[in-house]
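Here is what each chain is made of, one letter per residue.
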Amino acid sequence: MSKKPYYITTAIAYASRKPHIGNTYEVVFTDAVARYKRMQGYDVFFLTGTDEHGVKIEELAKSEGITPKEHVDKVVGEIQDICKLMHISYDGFIRTTDPRHEEVVQKIFKKLYDQGDIYKSEYEGMYCTPCESFWTPSQLVDGKCPDCGREVQSAKEEAYFLRLSKYQQWLEDYIETHPDFIVPEGKKKEMMNNFIKPGLQDLCVSRTTFQWGIPVTFDPKHVIYVWIDALSNYITAMGYDPDGSSDQFKKYWPCDCHVIGKDIMRFHSIYWPVMLHALGLELPRQLFGHNWILFGEDKMSKSRGNVIYASDVVDAFGVDAARYYLLSEMPYGSDGSITYESLIERFNTDLANTLGNLVNRTIAMAQ
Ligand SMILES: [Zn+2]
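Here's what I pulled together on the structure shown here.

Spatial strand order, β16-β15-β17: 3 strands in an open sheet with mixed pairing. The open sheet has two edge strands, β16 (298–299) and β17 (336–338), and neither has a second partner. Judged from the 2 bridges that link them, strand β15 (residues 293–295) and β16 form a sheet pairing that is antiparallel. Within β16, the residue paired with F295 across the bridge is D298.

Next up on the list: unusual backbone geometry. Note: most peptide bonds trans; most residues except glycine with negative phi. Note that the residue after V183, namely P184, is joined by a cis bond; omega there is -5 degrees. With an omega dihedral of 5 degrees, the bond running from W253 to P254 counts as a cis peptide bond. Residue placement: P254 occurs in the loop between α9 (247–252) and β13 (257–261). One non-glycine residue, H87, adopts positive backbone phi at about 55 degrees. Within the fold, H87 resides in the loop between α3 (68–85) and β4 (92–95). The phi angle at D142 is positive, at roughly 55 degrees, despite the residue not being glycine. Position of D142 relative to the elements: it lies in the loop between β6 (133–135) and β7 (153–162). Overall, the relative accessible area of 76% leaves D142 in the exposed class.

Turning our eyes to something else, we now look at the pairing of strand β3 (residues 43–51). By the criterion of burial, β3 is predominantly enclosed, with 8 of the 9 residues buried. Bridge analysis of strand β2 (residues 13–14) against β3 gives 2 bridges, and the strand direction is parallel. Within β3, the position partnered with A13 by the bridge is T50. Where β3 meets β4, 4 bridges bridge the pair, whose relative direction is parallel. Bridge pairing in β4 links G49 to I94.

All right, on to the environment of R323 then. Looking at where R323 falls in the secondary structure, it is placed in helix α12 (residues 319–328). You can call R323 buried: its relative accessible area is 10%. Residues R323 and Q367 lie 44 residues apart in sequence; the distance between their C-alpha atoms is 31 Å.

Our focus in this paragraph is helix α1 (residues 21–39). Counted at 1.5 Å a residue, the expected span for α1 with its 19 residues is 27 Å, and the 26 Å between its end C-alpha atoms agrees. Three or more residues of α1 are buried, namely I21, G22, T24, Y25, E26, V27, V28, T30, D31, A34 and K37. A positive phi of about 100 degrees marks G41, the residue just after α1.

The next point concerns the sheet that holds β7. Taking strand neighbours across the sheet as the criterion, the 4 strands line up as β6-β5-β7-β9 in an open arrangement whose pairing is antiparallel. The sheet terminates laterally at β6 and β9 (203–204), the two strands that pair on one side only. Here 3 bridges tie strand β5 (residues 118–128) to β6, and the two strands are oriented antiparallel to one another. When the sheet's bridge partners are listed, Y127 is paired in β6 with F134. Each of β5 and β7 touches helix α4 (residues 99–114); the most contacted strand, β5, lies at about 110 degrees to it.

The next subject is the packing of α1 against α12. Look at α1 against α12: their axes get within 9 Å of each other, and the N-to-C directions meet at 95 degrees. Viewed along their axes, α1 and α12 adopt a mutual orientation that is roughly perpendicular. Mapping the contact onto sequence places I21, Y25, V28, F29, D31, A32 and R35 in α1 and R323, L326 and L327 in α12. In the contact of α1 with α12, the residues fall into 7 nonpolar, no polar and 3 charged.

Parameters at a glance
Residues numbered from 1 in each chain as written. Predicted model: local features only at pLDDT ≥ 70, side-chain atom pairs only at ≥ 80, totals over all residues. Heavy atoms only, no water. Pairing = 2+ DSSP bridges. Helix = DSSP H or I, 4+ residues; strand = E, 2+ residues; numbered from the N terminus. Buried < 20%, exposed > 50% of the residue type's maximum accessible area, 1.4 Å probe, protein only. Expected span 1.5 Å × (residues − 1). Contact = heavy atoms within 4.5 Å. Axes fitted to C-alpha atoms, helices over the stretch in contact; angles between N-to-C directions. Parallel < 35°, antiparallel > 145°, perpendicular 65-115°, else oblique. Nonpolar A, V, L, I, M, F, W, Y, C, P; charged D, E, K, R; others polar.

Here it is, written out as structure tokens:
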């Protein structure tokens, strides 16, 4: 009997800089699920990868005096080293600079344009440069960017838009009739009440303000903006093609679970379903939004100087303890916290005393 397919993904990591241990949590968590499903007898495909376009990478590369491709090649190498170090058993690693991905993304954009789901217009709004995001006045918090709290400037540009508004009712109905689509429950409520029910606005899906991206084939001064480029990885990696998909794609799609951080829940629960539905594809069975791993009480960041890398923990405690710690410190549906004190405590209490004693006594009795 052939095994039942099970397709699970992480989000793709932004290849701007080397990820810290908090970012590594997602791939370790997904790896644990993939291994469990393999043990249960599923034919698992576990996909991870990197998101490599955008103005931030273009600017970082410029400041380093190298090309964007050289920059992402270096960071992708570091990300793959971390996967190796953490014993991540992925089956596929997609890079959004893969020529095959770029070609299919261009076809997806063209298909959506040809059928009227993408149209050309002009964008006028408040723009946050670090977040590369346009906001409407009602979305601003105290006149500042709702994501990062920085100042925004009014800006105007010619752009292509994805017709989200057309799918508003469909999306609401879909989420309401598929109770397991967005988990945990709290995240689903947040998406519905804060973003979907207040009304979907058409989404700007191209940019003319930078070059490091996939050009729109029929209007090459535009590059395809992050949503369509990055989200499509889940299908391009498996061989989706509007002109005829691979057997691998047909076998594994729809995806069983996208494991994603809470900050990108909105893109996965609104933009991605609409894109798939417009392409005539089934939706993934589940979006699992996880929380952050904090350092003590603070979010880990380079500017705060509290960054811990996976290699720091593995050097001190070994890979199994590092994996165990990440998974055990992260409660379902709320933020976790990492400190060296709690790491030592977990190591001594759970692994050495509890598990170590169990093994020791079992062996003694067996003898
Ligand atoms: Zn911002």
